[in-house]
Every structure is written in C-alpha cells, then in structure tokens.
Amino acid sequence: MKWGRMLAAGVLLAGLAAVLWWSNRQEKAKEGKPAADAPPKILSLGADTIQRIEIRHRGEDPITLQLKGSQWEMTSPKPLAADSAAVSAITSAASSVDAERVVDPNVSDLKAYGLAPASIEMDFGTKNGKTSKLLIGDNTPAASAVYAKLDGDPRLFTMATFSKTAFDKEAKDLRDKRLLPFTQDKLSRIEITAQKQTYEFVKKGESEWQIVKPKPMRADSTQADDLVRQLSSAQMDLSGVQDDQKNAAAFNSVPVLAIAKITDQDGTKTLEIRKVKDDYYAKSSAVDGVYKVSKMLGDALDKPVDAYRNKKIFDFGFSDLTHIEVTDGGKTSIFDKSGENWMSGGKKMDSTSVQAFADRLA
C-alpha cells in the first residue's frame, strides 16, 4: 500500500512539474509582447536613429531640424543652432506614440478629423533613409484626446493630448537660446566691465578663480562660481512677441550697463547688457540680434569688483587647522592638534574653546 501511494504521489508530482514547466515556457514566450488588450502603437522609432525632423503647422512654413555630426541645427525657417534638450524631447516622444483607440480601421474622410490638411504634420527621417509621417488633427468632441494617423496606415486613431503637446513646437521653442555658449570646464578667463571699472578673473587649476585686474586679489569662490553659472545660463527671453527693430532701438537708446567677455577653447565671446527702465536687453557676439534678458542676469553683472573679493583674512578652504601660534604683548602661545585634542606646552587644553577660536579664524 505504501509503495502504491508513493508511486501515485510521484506521478502527481511529475504532472505538476510538467504543468509548471509549460506555464513558465508560455510566460517566457509572452515576454516582450504587448498584452492582447494593449492600445495599438501609432509610431515607434529609435530615438537615436532620427536624423531629420520637419514640423509643419497648418498654414505655416515648416520648421526643419537636421542632425549634423552630434549637433542638431535648425535649417528653416532660418539657419540657427538648435536646443539639443528640446530636440531630444521630440525624438524621445517619437520613440513611442501610443493610441488610445482605433476610431476607424480604414478611414476615408481625413478632412472631417482635421487631418487634411493636418493641424500638425511631423516628418521623421532616419539613418536608413526612410521617412515616417505622423498626422495630428483636431481634438475629439470631448477634447480629451486628438485624432491622429500615420501616413501609409489606413487606421484612424485617437491619442492623448500630451502626445500632441510633445510635438507642437515653434521655432523659438527649438532654437538654442543661450547668449554665450561656452564649455564651462574649458573656461579660462572672464572680464567684466561694470560700475565704471573693469576687472578680470583667470582660472587657476581646475576650479579656483583669481582676480588679476585691476590688481591681484583672492576671489571669493562662491561668488565667482555664481558668476560663471549666470553667464552659462544667460538666455534670450522669447516669451513675448519678438520685434527685432524695437529691441534694437531700445538697446541703442541707453548707455552700457555691463559687458562680460569670456574665453574658452573656442576664443573670446562678448555679452553687452543695457537697461531700459525695468527691462534688460543684451547683445552677444555669438548670436545675431538684440534680445530681452532676465533682471537676474542684469543684476548679476552689474556689480563692482569688491563683490567678488575674498574678504577673509585667512583662507584655509576646507582644511582643518592643526597648528596655531598667537602672539599677544610679546607672549607667544602655541596650540597643536593631536587627534581630537588640542595641546599647548604638553598640556591638554579645553578643545571646545580652542576649536571655537580656530573656527573664527577660518
């Protein structure tokens, strides 16, 4: 009896193992495959394969972006450097455009959905020479989604409005807005003219700045680093309607507020700031035109050299003091740090008091 039960249990166990093996095999077969009820994908491109993008809004001239080497450039409506982060957001969105549902498996009247002509037409050219065209139409009646179609695919889809937002960009959204493009770790010299004086910084080592003009002085590293950040983030304010002639007239109507000159491996670039009432305008040697800039940038450059001086008598940086000599009225006291203790003349001192004194010196 016992042998019979063991045999039956063995058969049952083998059966369960076979079922488990088959189940695991089926699960592995499903890996990487979309669920049966998953919404269909409208477009799926490798973000790193896209080399050309054209955005055409209904009734407007196209915006064309071309990858040249490792840099994106805007070739129309006029040649401009492109904002790599903004373009990357578009290529990332194009890597996976999901539908919410299929409205019509074989749509014939595209005009009824705002697709002939499309509200937005996106053309993507890839490394293999192929082009994918995504048509984005009107909002659905509930305005919760938009109609979309891939050229060459007979189906009409709806997709989320955020997908439309990812592609709905103007030239000003995609151009490089930096006024002073430079490589921060290659920056070697900064010259500022403001408040009727000119002063100059040079870089020592990898991160330390030294004032060399009007005379050699130690620079406050925090203030100098903040100046570099302000210059690297100096951008055009393109939030309003741009009027090039009006901006230029405003710029030329007032004297110079501040001038910044920076030098990196590509040479020297200049940024000139002027203030008109409460507005700040800038002209850069790196880009054409005059642009509004932020008050923060104007205030950052409108400073005297004293704002950047290291005003500490002693400058120990982040180093801990280990030896102090104090001379008072002809008497010299020497303090040495040993481990966590301060010693003087072979005697252990009140470490809290001596350390407080050391902290005040630093």
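On a predicted model such as this, the values are computed, not experimentally measured, just so you know.

A. Structural view of the sheet that holds strand β23 (residues 347-348). Strand order in the open sheet made by the four strands is β20-β21-β22-β23, with antiparallel pairing throughout. Every interior strand has two partners, whereas the edge strands, β20 (323-328) and β23, have only one. Of the strand pairs in this sheet, β20 and strand β21 (residues 331-338) are connected by six bridges, and their pairing is antiparallel. When the bridges of β21 are listed, D328 appears paired with K331.

B. Structural context of the pattern of salt bridges. Tallied over the entire structure, the rule returns 15 salt bridges. One salt bridge in this structure joins R58 and D138, with 3.6 Å as the shortest N-O distance. One end of the pair, R58, is in the loop between β2 (50-57) and β3 (63-68); the other, D138, is in strand β9 (residues 131-139), and 80 residues separate them in sequence. Take D138: its relative accessible area is 32%, and that puts it in the partly exposed class. Two residues, D264 and K269, come together in a salt bridge whose shortest N-O distance is 3.6 Å. Of the two residues, D264 and K269, neither departs from the other in class, the shared state being buried. When salt bridges with common partners are traced through the structure, they connect R52, E54 and R56 into a single cluster.

C. How the structure looks around the sheet that holds strand β14 (residues 208-213). What the eight strands build is an open sheet, ordered β15-β14-β13-β12-β16-β17-β18-β19; its pairing is antiparallel. Of all strands in the sheet, those with a lone pairing partner are β15 (217-218) and β19 (290-293), marking the two edges. Judged from the two bridges that link them, β14 and β15 form a sheet pairing that is antiparallel. Note that in β15 the partner of I211 across the bridge is M217. The strands touched by helix α5 (residues 221-232) within the sheet are β12 (189-194), β13 (197-204), β14 and β16 (258-264), with β12 carrying the most contacts at an inclination of about 85°. The strands touched by helix α6 (residues 244-252) within the sheet are β17 (267-276), β18 (279-284) and β19, with β18 carrying the most contacts at an inclination of about 100°.

D. Fine view of the pairing of strand β11 (residues 156-160). The buried fraction of β11 is high, at five of five residues. Relative to β11, strand β7 (residues 101-104) is paired through three bridges, and the arrangement is antiparallel. When the sheet's bridge partners are listed, V102 is paired in β11 with F157. Here strand β10 (residues 145-150) pairs with β11 via four bridges, running antiparallel. Bridge assignment links A148 to a residue of β11, and that residue is F157. In this antiparallel pair of consecutive strands, β10 and β11, the connection spans five residues, and G152 shows a positive phi of 95°.

E. Representation of the side chain of E272 within the structure. With respect to the helices and strands, E272 occurs in strand β17. Side chain to side chain, E272 and R274 meet in a polar contact 2.6 Å long.

F. Summary view of the packing of aromatic side chains. Scanning all chains against the criterion turns up five aromatic pairs. With 5.8 Å between their ring centres and 40° between their planes, Y199 and Y308 make a pair best called tilted. With Y199 in strand β13 and Y308 in the loop between α7 (295-301) and β20, this residue pair connects regions lying 109 residues apart in the sequence. Of the two residues, Y199 and Y308, both sit in the buried class.

G. Here's a closer look at a negative patch on the surface. A grouping of E60, D61, D168, E170 and D173 is seen on the molecular surface, where their side chains present a negatively charged patch. Inspection of the secondary structure assignment puts D168 in the loop between α3 (161-167) and α4 (171-174). Its relative accessible area of 36% is what places D168 among the partly exposed residues.

Calculation notes
Residues numbered from 1 in each chain as written. Predicted model: local features only at pLDDT ≥ 70, side-chain atom pairs only at ≥ 80, totals over all residues. Heavy atoms only, no water. Pairing = 2+ DSSP bridges. Helix = DSSP H or I, 4+ residues; strand = E, 2+ residues; numbered from the N terminus. Salt bridge = Lys/Arg side-chain N within 4 Å of Asp/Glu carboxyl O. Buried < 20%, exposed > 50% of the residue type's maximum accessible area, 1.4 Å probe, protein only. Contact = heavy atoms within 4.5 Å. Axes fitted to C-alpha atoms, helices over the stretch in contact; angles between N-to-C directions. Polar contact = N/O pair within 3.5 Å; in protein donor to acceptor, adjacent residues only side chain to side chain. Phe/Tyr/Trp six-rings, centres within 6.5 Å; stacked < 30°, edge-to-face > 60°. Patch = residues over 30% accessible without salt bridge, like charges linked within 9 Å, V, L, I, M, F, W, Y side chains within 5 Å. Areas by Shrake-Rupley, 256 points an atom, 1.4 Å probe, with all protein chains shown as cover. Lys, Arg positive; Asp, Glu negative; His and termini not counted. Charge placed at Lys NZ, Arg CZ, Asp CG, Glu CD.

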